[in-house]
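An overview of the molecular structure
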Amino acid sequence: MDEDEWDPLITDEAQEKIRFGTEGDDTERYADIDPVEDTTDWPVVISCDPHHVKPWVFTATLIADVGKVVIREWPDGRSQPYERLRQSSRMGFDDYAAVLREMVASIPGGRDRVLWWEMDPAFAEARGTASKGESIKRAMRDRGFFFRADVNRDIMAGHTIIANELRWDPKEPPSELNRPNLFVLERCRNVIWSFHHYTRDQPKDAAANIPEKPKEQGKDFMDSLRYALMPSTQSA
């Protein structure tokens, strides 16, 4: 994705609804939609990208009339820039459950608004010595968090969905049909950082039918967002 085609940042200037101004005026072109969180009729999906070594990643995405809005992240980039947290994580299942409880409690309307819990299918059934043979999905279920792990794992399809949600033509007048459908609150700095640093290896032969291979920088939050937006392979 080219940075000149989109910008996931939503500024703090506008307060009521999405407003668009002249090209180059970011204050008007992007809206702060924090008040959207108070509209408790709109559901939330919480997605998880777990890991055996690195800290897990969580994102909370609001499904609103204005589009999809990333409203929470963990680690919180305001105090924990994720690019500096590459060391091993010593957190256990109880610690991550506490993180989720705090995240959910910070969303107006709380847990009743969370209709979907999505997790990386590749790690959901993973077991290790730290988990005493218990799968990650089962361990979180035992702590009250019922994650599904059946999202489509096709990375290229996930990238296409995210790109389509972000796509709009800045050369044309903004309208309901010409605007992004995916937004990120300014508070979610790790997600924004990941958007600007997430890249993939370019195949030597551009014509070759080689699957996309994302690089590691920024990958974790992009994976979590991909799980939130990708359809399940089964019925809910």
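As shown above, the structure is provided for reference.
Note that the structure is a prediction, hence the values are computed from the model and not measured.

**Concerning the overall build of the protein**
Helix and strand counts for the protein come out as seven helices and six strands. Listing each helix as α and each strand as β along the protein from the N terminus yields β-α-β-β-β-α-β-α-α-α-β-α-α. Counting the 236 residues in the protein, one finds 47% classified as buried. Looking at the protein alone, contacts between residues at least 24 apart form 66% of all its contacts between residues at least 6 apart. Per element, the accessible surface of the protein, about 12600 Å² overall, is 47% carbon and sulfur.

**Brief notes about the packing of helix H5 (residues 155-166) against helix H7 (residues 219-229)**
Interhelical geometry of H5 versus H7 gives an angle of 80 degrees and a closest axis separation of 10 Å. The angle between the axes of H5 and H7 places the two elements in the roughly perpendicular class. In this structure, H5 uses Ile 155, Gly 158, His 159, Ile 161, Ile 162 and Glu 165 to contact H7, whose residues at the interface are Met 222, Leu 225, Arg 226 and Leu 229. Here the contact of H5 with H7 is composed, by residue class, of six nonpolar, two polar and two charged.

**A closer look at unusual backbone geometry**
Of note, the amide linkage connecting Trp 74 to Pro 75 takes the cis form, showing an omega dihedral of 0 degrees. Within the secondary structure layout, Pro 75 lies in the loop between strand E4 (67-74) and helix H2 (93-105).

**Some thoughts on the packing of helix H6 (residues 189-197) against H7**
At a minimum axis distance of 8 Å, the contact between H6 and H7 shows a crossing angle of 105 degrees. Taken together, the axis directions place H6 and H7 in an arrangement best described as roughly perpendicular. Between H6 and H7, the contacting residues are Asn 190, Val 191, Ser 194 and Phe 195 on the first element and Phe 221, Met 222 and Leu 225 on the second. Class assignment for the residues of the contact of H6 with H7 results in five nonpolar, two polar and no charged.

**Observations concerning the packing of aromatic side chains**
All told, the structure shown has nine aromatic pairs when counted by the stated rule. Taken together, a centroid distance of 5.5 Å and an interplanar angle of 80 degrees make the contact between Trp 117 and Phe 147 edge-to-face. Residue Trp 117 is found in strand E5 (residues 114-119), and its partner Phe 147 is found in the loop between helix H4 (136-142) and H5; the two are separated by 30 residues along the sequence. Judged by relative accessible area, Trp 117 falls into the buried class, the value being 8%. Linked through ring pairs, Trp 56, Phe 58, Trp 74, Phe 93 and Tyr 96 together constitute an aromatic cluster.

**As for the pattern of salt bridges**
Taken as a whole, this structure holds eight salt bridges when the rule is applied. Among the ionic pairs, Arg 78 bridges to Asp 76, the shortest N-O distance being 2.7 Å. Overall, the relative accessible area of 43% leaves Arg 78 in the partly exposed class. In this structure Asp 76 comes out as buried when scored by relative accessible area, which is 18%. The partner of Asp 223 in a salt bridge is Lys 219, and the shortest N-O contact between them spans 2.6 Å. Of this pair, Asp 223 and Lys 219 both sit in helix H7, four residues apart, which is roughly one turn of the helix.

**Topic: the pairing of E4**
A large share of E4 lies buried, amounting to seven of its eight residues. Counting the residues that bridge the hairpin from strand E3 (residues 57-64) to E4 gives two residues. By the bridge criterion, three bridges tie E4 to strand E6 (residues 182-185) in an arrangement that is parallel. Directly across from Lys 68, in E6, lies its bridge partner Leu 182.

Thresholds, definitions, all that
Residues numbered from 1 in each chain as written. Predicted model: local features only at pLDDT ≥ 70, side-chain atom pairs only at ≥ 80, totals over all residues. Heavy atoms only, no water. Helix = DSSP H or I, 4+ residues; strand = E, 2+ residues; numbered from the N terminus. Buried < 20%, exposed > 50% of the residue type's maximum accessible area, 1.4 Å probe, protein only. Contact = heavy atoms within 4.5 Å. Areas by Shrake-Rupley, 256 points an atom, 1.4 Å probe, with all protein chains shown as cover. Axes fitted to C-alpha atoms, helices over the stretch in contact; angles between N-to-C directions. Parallel < 35°, antiparallel > 145°, perpendicular 65-115°, else oblique. Nonpolar A, V, L, I, M, F, W, Y, C, P; charged D, E, K, R; others polar. Phe/Tyr/Trp six-rings, centres within 6.5 Å; stacked < 30°, edge-to-face > 60°. Salt bridge = Lys/Arg side-chain N within 4 Å of Asp/Glu carboxyl O. Pairing = 2+ DSSP bridges.

By themselves these figures say nothing about function.
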